[in-house]
Every structure is written in C-alpha cells, then in structure tokens.
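Here's the letter readout for the chains.
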Amino acid sequence: MGIFSRRQTATVEQPTAAGPERFAAGSATAAATLDPALRALTGQWTIDRPHSRIGFSVRHAMVTTVRGAFTDYDSRLYFDGARPSESRAELVIRVASVDTGVEQRDAHLVGKDFFDARRHPEMTFRSTYTVQESAESFRMTGDLTIRDTTRPVELQLDYLGSVVDPFGYERAGFDGTTTIDRRDWGLVYNQRLEAGGSMVSEKVRLQFDISAIRSA
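About the cut-offs
- Residues numbered from 1 in each chain as written.
- Predicted model: local features only at pLDDT ≥ 70, side-chain atom pairs only at ≥ 80, totals over all residues.
- Heavy atoms only, no water.
- pLDDT = per-residue confidence, 0-100.
- Helix = DSSP H or I, 4+ residues; strand = E, 2+ residues; numbered from the N terminus.
- Contact = heavy atoms within 4.5 Å.
- Phe/Tyr/Trp six-rings, centres within 6.5 Å; stacked < 30°, edge-to-face > 60°.
- Buried < 20%, exposed > 50% of the residue type's maximum accessible area, 1.4 Å probe, protein only.
- Lys NZ or Arg CZ within 6 Å of the ring centre and 35° of its normal.
- Core = buried A, V, L, I, M, F, W, Y, C linked by side-chain atoms within 4.5 Å.
- 1 Å grid on protein atoms, 1.4 Å probe; cavity = no way out; pocket = protein on both sides within 12 Å on 5 of 7 lines; lining within 4 Å.
- Points joined across faces, edges and corners; volume = space filled by probe spheres on them.
- Nonpolar A, V, L, I, M, F, W, Y, C, P; charged D, E, K, R; others polar.
- Pairing = 2+ DSSP bridges.

Asks: Any chance you could explain the confidence of the model for the chain here in plain terms?
Replies: When pLDDT is averaged along the chain, the result is 84; 81% of the residues meet or exceed 70. By mean pLDDT, the top-scoring element of the chain is strand β7 (residues 98-99) (98), and the lowest-scoring one is strand β1 (residues 9-11) (36). Low pLDDT, under 50, characterises residues 1-32; the stretch is placed with 61 contacts to residues that sit more than four places away or in other chains.

Okay, here's the thing in structure tokens:
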C-alpha cells in the first residue's frame, strides 16, 4: 500500500444498516468536492491478492489482540467516480484459508465451533448502497453472509490514491473497516475467564486493505 499517495494520481518510477436518506445532505455537499481524478477511475476492478489483505482482529483473554487474514477469495468491484452511489463490490471468501499464524488456532477456527468450513465453506459480502461522505471517504452498506446467516453491515472506505505501476497496471487503493458482533452470525463459542470476561471477544474488527487493478 506504500505506493499510494493521497489526493493525487501518479506514475511510479521503477523499482517495485443505514439507508441513503441518512446521508443525503452530506452526499450532496461531498459531491461538490469530489476529486476530479476519481472520475477517471470509473470501471471494473479486481483486488490484487498479493498486495491486499482481507483481515480481522479480535481481543483474546481480555489483554491482547489476535490478528488474522483470509488468503483465498474472489472479488468483483465496480467503481463509479462520477456517481459513487452506483459503485458495487462483491467478495466471496473461502473460510478454510484463514491464517492467524498459529496452525492449531486456524484449525479451531475452521471447525464447528466457529466457521464450520465443511458445511459452510464460503462467506460473502455484497454491497447494496454506497454514499460519498467527503472528497475521499465513502460509506458502503452491504450484506455479510457467514454460516448461511445474512445481516447488513456498514463499511467505512477511504480512497488512498491511484497509480500506474512499472508493469503498466492501473491500481487504486482503498482502506475499509467495520466492527461486527460475531454472535449475530451464530459464532457464539466462548470460554469464560475465572476473573470475569471472555477468552475471545464478541466484537470483531474487519479490515480491508485493498490494492485493486483495473480489469481489461
């Protein structure tokens, strides 16, 4: 993500549940300050997996944070720089690809206590509406499905910039975040601590560090 610079389009030198009515007023103001460079980004994009991260973080035993990511997923993105409300995103994530850096923990996550990957191999996100909040900030509402349970989520998206890399690929960068309560999707497993509290927090922060490449 370091190749992106905010508020500009550059060429890199070689080496390597809210509805639209809630944001109507803010969107009109933001549209007036929309970065003209965004209009040129209108079109189909695909997430470049080697340079992106679809991850999460969760408190463990009340005192530390465990971080992980999913490494196997498909993506379809459409960005409309002139009419952000027309932008769309779809992610299909293979939950068995979860990687927290600890093999035993990963095996627990894909088992019946959590994702139950054998019965529910994929989780999906499909956007339903996108609102521009400022020149480089957007809010995307969508449906998140985990273990066949679908619930709406709101994703905060920040545009980081665009670039043509040394190989001629046009890239655009976005950071996305949201926090969910995993119990809403049936992920209720936990252990209580002797001193009070839970071994695994119910609140999970989802993080999308996206380097997208324009599709042919």
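Asks: I tried to follow the packing of aromatic side chains on my own but got confused; where do I start?
Replies: Given two aromatic rings, one states the distance between the centres and the angle between the planes to describe the pair. Under the definition given, this model contains six aromatic pairs. Seen in terms of ring centroids, Y159 and F174 are 5.5 Å apart; in terms of plane orientation they differ by 50°. Their pairing is tilted. On the criterion of sequence distance, the pair formed by Y159 in strand β10 (residues 149-164) and F174 in strand β11 (residues 170-181) is long-range, its members being 15 residues apart. In this pair, the class of Y159 matches that of F174, namely buried. Counting every residue linked through ring pairs, the aromatic cluster contains F79, F138, Y159 and F174. A cation over an aromatic ring shows up here: R49 above the ring of Y73, its NZ or CZ 5.7 Å from the ring centre.

Asks: Which parts of the structure should I look at to understand the nonpolar core?
Replies: Generally speaking, a soluble globular protein has its nonpolar side chains buried in company with each other. Core analysis: the biggest nonpolar cluster contains 42 residues, and F70, F115 and L144 have the highest contact counts within it. In this view, F115 contacts F70, V95, L109, V110, H120, M123, I146, R147 and L187; residues no more than four positions away in its chain are not counted.

Asks: How should I be thinking about empty space enclosed by the protein in this particular structure?
Replies: Its volume calculated, the largest cavity comes out at about 320 Å³. Of all the secondary-structure elements, those providing two or more residues to the lining of the largest cavity are β2 (43-47), β5 (73-79), β6 (88-94), β8 (122-134), β9 (137-146), β10, β11 and β12 (200-214). Of the voids in this model, the second largest cavity is the one considered here, and its volume is about 30 Å³. As for the second largest cavity, its lining consists of F125, L144, V153, L155, T178, L206 and F208. Among the elements of the structure, β10 and β12 are those that each provide at least two residues to the lining of the second largest cavity.

Asks: Explanation requested: the environment of F56 in the structure shown.
Replies: Summarising the element assignment, F56 is placed in strand β3 (residues 53-60). A relative accessible area of 9% places F56 in the buried class. Sequence separation between F56 and V66 is 10 residues, and the spatial gap between their C-alpha atoms is 8.4 Å. Leave out the neighbours within four places in its chain, and F56 touches V66, R67, G68, A69, F70, V98, T100, L109, V204, R205, L206 and Q207.

Asks: Even after reading the chapter, I still don't get the layout of surface pockets, so can you show me in this structure?
Replies: If you roll a probe as big as a water molecule over the atoms, it shows you where there is empty space left. Taken as a whole, the largest pocket encloses approximately 590 Å³ of empty space. Lining the largest pocket are 32 residues, and of these F56, V58, L109, F114 and V200 sit closest to its centre. Elements with a minimum of two residues in the lining of the largest pocket: β3, β4 (64-70), β6, α3 (103-110), β8, β9 and β12. When residues of the lining of the largest pocket are assigned to their parent elements, the largest contribution, six residues, is made by β3. Considering only residue class, the lining of the largest pocket consists of 22 nonpolar, seven polar and three charged.

Asks: Would you mind showing me how to read the pairing of β2 here?
Replies: On a regular strand, each side chain points to the face opposite its neighbour's, so the side chains alternate between the two faces of the sheet. Alignment of β2 against β5, held across three bridges, turns out to be antiparallel. Counted as the bridge partner of W45 is L77 from β5. The pairing of β2 with β12 spans three bridges and is antiparallel. By the bridge assignment for β12, I47 is matched with A212.

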